[in-house]
Amino acid sequence: MNIGFIGLGDMGKLYAKAFAKVGYSVCGADLPANREQLEAELGPLGISIKENGRDVSRISDLIIYSVEADSMEKVVAECAVATKAGAIVAGQTSVKHPEIALFEKYLPDDAQIITFHAMHGPGFEPKGQKLILIPHRSTPEAYQRMYDLFTAVETDIVEIADYHEHDKIVADTQAVTHVGFESMGTAWKSAGFFPWENASYIGGIDNVKILTTLRIFGYKAHVYAGLAILNPYAKQQVRQYAVSESELFKLMIKEEAAAFRDRLYKARDFVFHESRKPIMLNDSVMREFSLADNAHLRKPNSHLSILSMVDAWYHLGVNPYDNLICQTPPFRLRLGIAEYLFKDDDLLEESIETALYDKTIRGDDLEFHSAVREWSAIIGYGDMEGYKKHFNEVQAFFADRLEEGKQQSAELIRRLME
């Protein structure tokens, strides 16, 4: 099977290399300005770089569109006319509604549409990583060829029969997860401090929060913007996260302890009842990965970001454990630290008491409250450029620690997944 990539950015290159290494014939095309560099990097692996996407489409039995979500229509419209008869066509975008609509609009009727979604970033090799395989319009034989392809590179294949189901799960595992960590980063930027220099953000849970936030801001804004804005299910879930956070924050500042505690215990009983298999993050590993120096002693934290997520799951009727079939490392870590907090009665009670009565962290919670509102509004308006601008400003604030954060978070993920 000849495999062709239209778009050879980070993820396109990653999978092109993986397929070439196991013996497939691979070609690809990208922007003309990138051709020389791509030939130097990929040519030694036997990957042929073509002039344009139409040249790739003419000769490939499997055509993979690996371009930014907001460029997808332009590229598919240009290249679909050259699709080889009977070819399989897939996309690497993380939201499948707009992708499938474009394929149905522009591809010839004999094209087989079997798309996929790699549930990891370019910092991880495909081997052992979850990959969602989604048939849409294909023969059983074509589907088997795709299944065999991803088996050859040793991905952990999860089969989902419908792209609607995929996008619902991704709204939870990626879009809302990212907004939680992005809001933390925005809050720290607005407050003007790095969390590892503040005693309220020392400890196992906070190490995970900080490193995952740095990990997210270490990648490209367009990836997260597309996940949040183009997914029709994401707006509803992000809106509920913002409502949950706002209502909890109001109870906190009014010190309505009974209502606050009752609400959180209802959410805990819904999400973390005993029939669910726990993730059980290792406390000693979480504590080991710290960017702070030894001069700071841990202060209690309200963990408003985690309380809000669990409350949102409860009000959405979402079982996050079911969504582990499409897990990403940040989502697993987020569910893991939520589980860690809510299943430890003493730690949960400390968090509740801090949220209600500790004025020293109230300013930080206010910054987080404002940040969630900002991100929710941007996503609600569908403001792709505003999302990227907001993201890039926070990214610039943390610029000096992003590479270290990416490296430490990768090791943290590896250790916690063992």
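Residues numbered from 1 in each chain as written. Predicted model: local features only at pLDDT ≥ 70, side-chain atom pairs only at ≥ 80, totals over all residues. Heavy atoms only, no water.

A. Summary view of helix α6 (residues 140–152). Over its 13 residues, α6 extends 18 Å from the first C-alpha to the last, a length consistent with the 18 Å expected when each residue adds 1.5 Å. Taken residue by residue, α6 has Ala 142, Tyr 143, Met 146, Leu 149 and Phe 150 as its buried positions. One side of α6 carries all its buried residues, which in axial view fall inside an arc of 115 degrees. Pointing more than 90 degrees away from the buried face of α6 are the exposed residues Pro 140 and Glu 141. Where α6 terminates, the next one or two residues include Glu 154, which has phi positive at roughly 65 degrees. (Helix = DSSP H or I, 4+ residues; strand = E, 2+ residues; numbered from the N terminus. Expected span 1.5 Å × (residues − 1). Buried < 20%, exposed > 50% of the residue type's maximum accessible area, 1.4 Å probe, protein only. Arc of directions from axis to C-beta.)

B. Here's a closer look at the UniProt feature "domain: Prephenate/arogenate dehydrogenase" (unreviewed entry) in the chain. In the numbering used here, UniProt assigns the feature "domain: Prephenate/arogenate dehydrogenase" (unreviewed entry) to residues 1–282. Measuring from the first to the last C-alpha atom of residues 1–282 gives 44 Å, for a span that is 52% helix and 14% strand. (UniProt positions renumbered as here; feature names shortened; annotations may be inferred.)

C. A look at the pattern of salt bridges. Under the counting rule described, the total for this entry stands at 27 salt bridges. Taking the shortest distance from any N to any O, the salt bridge between Lys 209 and Asp 206 comes out at 3.3 Å. With Lys 209 and Asp 206 both in helix α8 (residues 204–217) and three residues apart, this pair spans about one turn of that helix. Just as Lys 209 is buried, Asp 206 falls in that class too. With a closest N to O distance of 3.5 Å, Lys 254 and Glu 256 form a salt bridge. (Salt bridge = Lys/Arg side-chain N within 4 Å of Asp/Glu carboxyl O.)

D. The arrangement of the packing of helix α10 (residues 234–253) against helix α16 (residues 362–381) in detail. For the pair α10 and α16, the least separation of the axes is 10 Å and the interaxial angle reads 155 degrees. Considered as vectors, α10 and α16 are oriented roughly antiparallel to each other. Crossing handedness for the pair α10 and α16: left-handed. Where α10 abuts α16, its residues Lys 235, Val 238, Arg 239, Tyr 241, Ala 242, Glu 245, Ser 246, Phe 249, Met 252 and Ile 253 lie against Arg 362, Asp 365, Leu 366, Phe 368, His 369, Val 372, Arg 373, Ser 376, Ile 379 and Gly 380. Taken together, the residues of the contact of α10 with α16 break down into 10 nonpolar, four polar and six charged. (Axes fitted to C-alpha atoms, helices over the stretch in contact; angles between N-to-C directions. Parallel < 35°, antiparallel > 145°, perpendicular 65-115°, else oblique. Left-handed = near helix turned anticlockwise from the far one by under 90°. Contact = heavy atoms within 4.5 Å. Nonpolar A, V, L, I, M, F, W, Y, C, P; charged D, E, K, R; others polar.)

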